[in-house]
Number of protein chains: 2
Amino acid sequence: MKKIGVALLGLGVVGSSTYRILTDQADYIRKNHGVDIEIVHILEKNKQRIEELGIDKSIVSTDINNVVNNPNIQIVAEFFGGIEPARTFLLASLNAGKSIVTANKELFSKHRCELTDASNKGGGGIFFEASCVGGVPIIRTLTLGMQGDQILSIAGIFNGTTNYILSKMSNDGMGYSEALTEAQRLGFAEADPTADVEAYDTMYKLSILSSLAFHKSVPIDKIYREGICAITKEDINYGKEFGYTLKLLAIAKITNGKIEARVHPAFVENNHPLASVSGSFNAVMLEGSNVGDIMLYGRGAGGFPTGSAIVSDIVCCAKYPDAGRGLFDNSVLTNSDFNTDFQCRYYIRINVSDKSGVLANIAKVFGEYDISISSMHQLEPSSDSASIIFFTHMTFELGINKAIKKIKALDVVNSVYAVIRLI
Amino acid sequence: MKKIGVALLGLGVVGSSTYRILTDQADYIRKNHGVDIEIVHILEKNKQRIEELGIDKSIVSTDINNVVNNPNIQIVAEFFGGIEPARTFLLASLNAGKSIVTANKELFSKHRCELTDASNKGGGGIFFEASCVGGVPIIRTLTLGMQGDQILSIAGIFNGTTNYILSKMSNDGMGYSEALTEAQRLGFAEADPTADVEAYDTMYKLSILSSLAFHKSVPIDKIYREGICAITKEDINYGKEFGYTLKLLAIAKITNGKIEARVHPAFVENNHPLASVSGSFNAVMLEGSNVGDIMLYGRGAGGFPTGSAIVSDIVCCAKYPDAGRGLFDNSVLTNSDFNTDFQCRYYIRINVSDKSGVLANIAKVFGEYDISISSMHQLEPSSDSASIIFFTHMTFELGINKAIKKIKALDVVNSVYAVIRLI
């Protein structure tokens, strides 16, 4: 039986879960997948973690040279997160001809090119199933399940923290801060939630997935990004009244060779498959040129779901190392390869003075930018002001931005409370 | 570049779509997946199909020996459906050392053992992604995406025809016959719909998927099967009133090594992910020991979705023929390895004489078989009879069967209209 030596870099939540799965399921993997995975070395400085897992100390150190120079290690799985020292250690491993497995979306979205260059030179594969949507087998689907399909679009909910917060706001009537605090208390959100709530995490994943799916390089600076911090429960509730659920979506499309990639909150029609993906669950929809729409749904984070993806990568790499090679076209694209003036429908909530002529003023601005309104709803007026919700037909992003700027400057407008895209 | 010769057996809907994808996407597959697929031979007697696709007649015949004896063919893809001649042709191909690709669920569920024996002897792989849930990459997920997970359960909607019929009955208030006729008119149902509506098709797929997932042989005669012909729109509507959607489900579980496998209509709670899978869409939920629940959703039938899965299999086989070998444990299990007395909740609709004492009589029978009622609802009585709906708590299948038999024999009971399981 094929014997494969693995190194684990770090024993945090996902690293520890991976260690447990690899040891608990070793017989199962040998029997059913025909590979004998041996954990040869572990990098970890926290002695308590090593003791809790009952790991023989002779295979633990803090020196990457013990991994890179060990000929019995074929696969290096990294769990540090962040850029350094993960980048340096993985590059050294690839340069030594080893394959790597990583859940590190920030590193892989920012340094994919140099990692794939090192893979091409050293001959090792790069496996990153766990970097996108945790336990959901989206990378395997794209690389080994849709080879005859050109991927036309990707849309999904890639972040469990924000989906939990938005679900709490929607279902339990919490405000944003209250829902965030609850998510932090339950361990669904970090003490510093920036990467999640400002949608960096979703953007990293979309960069990886769209680059893989479109066979074109989609760097993070070409992705429009907007987080959920400004979302209010009022808008979530108004959306509900009109049959929409608010989600933080990642969307990428390729049309006539031009790529559009964006991450922002969006109202999703309630009968759309993504609308019912709630709590900490994630989902990805893919549109293939032959297969049509498919959706994958599951847990996007957590030690064991993510560890499950890491172990799948390790077994896949042990049997088919080629499956992690040459997956990306890293040619640098120019601005003209990207479409930033994308089209959407929009929900716009505006607070205005309760006077005659207000509507005419606003409608005039919409008209100037060819923005066509599909419906308008006046909410209960207070003493001297009123709120109005507009739903637009499909229109252009740049036009909306200009119109909103002009509407904000109107005397009769007190405030533009919210501009939320629809899908 | 690796050059791979393929034979196509049959040019029906899926065969023709596969031909089109392989020819239209040849450059795409060469560029992005690094294999050069050449269609070397085609078996087809229908000259019109050959002409419509513009196929060079020199590569078409009706003689399997032109496939089996051709050393330039490494992969044989079969589209005949049914048992013969598909079985003989695929066995001959495997015996000649070739790999096979098939969408033929009936053949593969009934003759899996002899096909896998031939694969083991000849060294070719067996690829069958298209046999289960069309374009949804469920086989790839099980074989290459969850290697560190023991699969604990499978539940899904595997048949688009019946899902279309049930969706029509539920959404448009059609009766069963009317919805079936509509499905036939639109090409979603065959002229002879038996395989779909009597749930044979779903049973075949569950046999393949559960055998693969559990690494144990689950033959079709160990699967409880019940179709949708007896379903009425009345029960669908009553279910709706209580928050349920009716679906034809395939369910398999492994508990303490015992396998439970069944295919039957079931009421699914509206907030369950399977409840919103409507029309001709299919979905599969898997419960992994580490990853938890995941769901895959997409088109389960149709030429291009199924052809997409066939092409994925061909490319996968061309690059990783090992991925189609040794996937099944064909050891024959005994009756004691299967659990036929499974547990469910039940919906029971009974028509009774509108007399006093009726309920006491029925309740007595339920009590005899330890069946606990969670709720009871009397429907509008007519002149001399009334209908009652019972929902049970979790109870055993055999107990329900005995109780229903006894209830049917009660003087005060006119008819047991429906017994429908809940999940």
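Because the structure is predicted, anything quoted here is derived from the model rather than measured.

*Asks:* Got a minute to help me understand the relation of the copies chain B and chain A in this structure?
*Replies:* When chain B is brought onto chain A, the operation consists of a screw motion whose angular component is 180° and whose axial shift is 0.0 Å, with 0.0 Å RMSD remaining. With respect to symmetry, the two chain copies, as superposed, fit the operation of a two-fold axis. Ranked by how close their C-alpha atoms come to the rotation axis, the residues of chain B are headed by L296 of chain B, at 2.3 Å. Both copies present the same face, since 100% of the interface residues in chain B are matched by interface residues at the equivalent positions in chain A.

*Asks:* I keep staring at the packing of helix α9 (residues 160-172) of chain B against helix α10 (residues 176-185) of chain B and nothing clicks. Help me out?
*Replies:* For any two helices packed against each other, the geometry is given by the interaxial angle and the distance between the axes. Residue and element names in this part refer to chain B. Axis separation between α9 and α10 bottoms out at 9 Å; the angle between their running directions is 130°. Considering their axes alone, α9 and α10 lie oblique with respect to each other. Crossing geometry of α9 relative to α10 is assigned as right-handed. Where α9 approaches α10, its residues Y164, I165, K168 and M169 are matched on the opposing element by Y176, A179, L180, E182 and A183. Partitioning the contact of α9 with α10 into residue classes produces 7 nonpolar, no polar and 2 charged.

*Asks:* What should I look at first to understand the interface of chain B and chain A in this one?
*Replies:* Interface extent is often summarised as the accessible area lost during association of the parts. The interface is formed by 45 residues belonging to chain B together with 45 residues belonging to chain A. Here chain B meets chain A over a buried area of about 3,800 Å², counting both sides, of which 56% is carbon and sulfur. Counting across the interface, chain B meets chain A through 0 salt bridges. At the junction of chain B and chain A, the tally comes to 22 residue pairs in polar contact (both at pLDDT 80 or more). The residue makeup of the side of chain B that touches chain A, split by class, is 22 nonpolar, 16 polar and 7 charged. As defined by bridge partners, strand β12 (residues 292-299) of chain A adjoins strand β12 (residues 292-299) of chain B across 3 bridges and the pair is classed as antiparallel.

*Asks:* Is there a simple way to explain unusual backbone geometry in this structure?
*Replies:* Excluding glycine, residues mostly carry a negative phi; peptide bonds, for their part, are mostly trans. That bond from E84 of chain A to P85 of chain A is cis: its omega, 10°, falls within 30 degrees of zero. Residue position: P85 of chain A is located in the loop between β4 (75-78) and α5 (86-95). At V133 of chain A, a residue that is not glycine, the phi angle is positive and equals roughly 60°. Along the chain, V133 of chain A turns up in the loop between β6 (126-127) and α8 (138-144). The exposure class of V133 of chain A is buried, given its relative accessible area of 0%. Look at N256 of chain B: it is not a glycine, yet its phi comes out positive at around 50°. Along the chain, the position of N256 of chain B falls in the loop between β9 (244-255) and β10 (258-269).

*Asks:* It is not clear to me how the sheet that holds strand β2 (residues 35-43) of chain A should be interpreted in this structure. Could you clarify?
*Replies:* Sheet strands pair via backbone hydrogen bonds, and the direction of the pair is either parallel or antiparallel. Residues and elements named next belong to chain A. Read across the sheet, 6 strands follow the order β3-β2-β1-β4-β5-β6 without closing on themselves; strand pairing throughout is parallel. Edge strands, defined here as strands with exactly one partner in the open sheet, are β3 (60-61) and β6. Pairing geometry for strand β5 (residues 99-102) and β6, over 2 bridges, is parallel. From the neighbouring strand, I100 faces β6, where its bridge partner is I126.

*Asks:* Teacher, can you tell me more about the packing of aromatic side chains here?
*Replies:* Aromatic ring pairs are defined here through the distance separating the ring centres and the angle between the ring planes. Residue and element names in this part refer to chain A. Per the stated rule, a full pass over the model turns up 27 aromatic pairs over all chains. Taking the centre distance of 5.7 Å and the plane angle of 75° together, the rings of F108 and F328 count as edge-to-face. With a gap of 220 residues between them, F108 in helix α6 (residues 105-110) and F328 in the loop between α14 (303-319) and β13 (343-353) connect regions that are remote in the sequence. Residues F108 and F328 agree in their burial class; the two are buried.

*Asks:* So what exactly am I meant to see when it comes to the domain arrangement of chain A here?
*Replies:* Taken as a whole, chain A is organised into domain 1 (2-131), domain 2 (144-299) and domain 3 (343-422). A straight line from the C-alpha centre of domain 1 of chain A to that of domain 3 of chain A covers 53 Å.

*Asks:* I tried to follow the pairing of strand β1 (residues 2-9) of chain A on my own but got confused; where do I start?
*Replies:* A regular strand places its side chains on the two faces of the sheet in alternate fashion. Residues and elements named next belong to chain A. Summarising burial for β1: 6 of the 8 residues are buried, a large majority. The sheet contact formed by β1 and β2 spans 8 bridges and is parallel. Across the sheet, K2 pairs through a bridge with V35, a residue of β2. The pairing of β1 with β4 spans 4 bridges and is classified as parallel. Bridged to V6 within β4 is I75.

*Asks:* Whenever I open this one, the side chain of T245 of chain A confuses me. Can you help?
*Replies:* Residues and elements named next belong to chain A. If you trace the backbone, T245 turns up in strand β9 (residues 244-255). On the accessibility criterion, T245 (16% relative accessible area) is buried. Polar side-chain contacts of T245 include one of 2.6 Å to the side chain of N270. Excluding its chain neighbours within four sequence positions, the residues that come into contact with T245 are A266, F267, V268, N270 and A275.

*Asks:* Just checking my understanding: could you explain the sheet that holds strand β1 (residues 2-9) of chain B for this structure?
*Replies:* All names here are of chain B. The 6 strands lie next to each other as β3-β2-β1-β4-β5-β6, forming an open sheet whose pairing is parallel. The two strands at the open ends of the sheet, each matched to only one other strand, are β3 (60-61) and β6 (126-127). Packing of helix α1 (residues 13-24) onto the sheet brings it into contact with β1 and β2 (35-43), and relative to β2 it is tilted by some 145°.

*Asks:* Explanation requested: the environment of R30 of chain B in the structure shown.
*Replies:* All names here are of chain B. When you line up the elements, R30 lands in helix α2 (residues 26-33). On a C-alpha basis, the gap between R30 and M285 in space is 33 Å, while along the polypeptide they are 255 residues apart. Ignoring sequence-local partners within four residues, the contact set of R30 consists of M1, V35 and D36.

*Asks:* Just to check I follow, could you spell out the environment of L296 of chain B for this structure?
*Replies:* Note on placement: L296 of chain B falls in strand β12. Considering only alpha carbons, one finds L296 of chain B and V416 of chain B, 120 residues apart in sequence, at a separation of 36 Å. Each residue touching L296 of chain B, except ones within four places of it in the same chain, is listed here: M295 and L296 of chain A together with V136, P137, I138, T141, N282, A283 and V284 of chain B.

Conventions adopted
Residues numbered from 1 in each chain as written. Chains lettered and ligands numbered in written order. Predicted model: local features only at pLDDT ≥ 70, side-chain atom pairs only at ≥ 80, totals over all residues. Heavy atoms only, no water. Least-squares fit on C-alpha atoms with pLDDT ≥ 70 in both. Contact = heavy atoms within 4.5 Å. Axes fitted to C-alpha atoms, helices over the stretch in contact; angles between N-to-C directions. Helix = DSSP H or I, 4+ residues; strand = E, 2+ residues; numbered from the N terminus. Parallel < 35°, antiparallel > 145°, perpendicular 65-115°, else oblique. Left-handed = near helix turned anticlockwise from the far one by under 90°. Nonpolar A, V, L, I, M, F, W, Y, C, P; charged D, E, K, R; others polar. Buried area = accessible area lost by both parts, 1.4 Å probe. Salt bridge = Lys/Arg side-chain N within 4 Å of Asp/Glu carboxyl O. Polar contact = N/O pair within 3.5 Å; in protein donor to acceptor, adjacent residues only side chain to side chain. Pairing = 2+ DSSP bridges. Buried < 20%, exposed > 50% of the residue type's maximum accessible area, 1.4 Å probe, protein only. Phe/Tyr/Trp six-rings, centres within 6.5 Å; stacked < 30°, edge-to-face > 60°. Domains from an automatic or database assignment.

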